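Survey of secondary and tertiary structure
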Amino acid sequence: QVQLAESGGGLVQAGGSLRLSCAASGRTFSNYAMGWFRQAPGKEREFVAGISWTGGTTYYADSVKGRFTISRDNAKNTVYLQMNSLKPEDTAVYYCAAAMKITRSSSEYACWGQGTQVTVSS
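Note that this is a predicted model, so its numbers are computed, not measured. (Residues numbered from 1 in each chain as written. Predicted model: local features only at pLDDT ≥ 70, side-chain atom pairs only at ≥ 80, totals over all residues. Heavy atoms only, no water.)

This next bit is on the pairing of strand E9 (residues 92–99). Of all eight residues in E9, seven are buried, a share of seventy percent or more. For strand E4 (residues 33–39) and E9, the ladder comprises seven bridges, and the chain directions are antiparallel. Bridge assignment links Gly 35 to a residue of E9, and that residue is Ala 97. Summarising the sheet, E9 and strand E11 (residues 116–121) pair through three bridges and their orientation is antiparallel. If you follow Tyr 94 over to E11, its bridge partner there is Thr 116. In the sheet, E9 pairs with strand E10 (residues 109–112) via three bridges, with the strands oriented antiparallel. From the neighbouring strand, Ala 98 faces E10, where its bridge partner is Cys 111. (Buried < 20%, exposed > 50% of the residue type's maximum accessible area, 1.4 Å probe, protein only. Helix = DSSP H or I, 4+ residues; strand = E, 2+ residues; numbered from the N terminus. Pairing = 2+ DSSP bridges.)

Here's what the structure looks like:
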């Protein structure tokens, strides 16, 4: 399995930007599709964005489309989530995860990071 560690979370005002990073170690990072999920207090974990192992295919949740961008650097074993035009409803713990293929389904992701808190103030 691959080990994942997120970073880059924090407190930002509405309209601001953050870039999350997820560093992978262990198995060959480039073999995995990667995804970002988030979980707000009292809510279920939800899909945010996904990227294929080549980076050629990306998926986004409708709620973040046009504001968030997922990318990866296989040479650095890192996947990123650039978040622009942040809204208070984006407040959540953000998790990165690894899967054998790009998918929106959390059950397909076998490896998860510990999460990083993103808080957007109004």
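Further notes follow.
Here strand E1 (residues 2–7) shows one buried face, formed by Val 2, Leu 4 and Glu 6, and one open face, formed by Gln 3, Ala 5 and Ser 7. Where E1 lies against strand E3 (residues 18–26), six bridges are found, and the strand directions are antiparallel. Bridging from a neighbouring strand, Val 2 pairs with Gly 26 of E3.

Inspection of the secondary structure puts Gly 55 in the loop between strand E5 (46–51) and strand E6 (58–60). Along the backbone, Gly 55 and Val 79 are 24 residues apart, and their C-alpha atoms lie at a distance of 9.7 Å.

That's the geometry; what it means functionally is another story.
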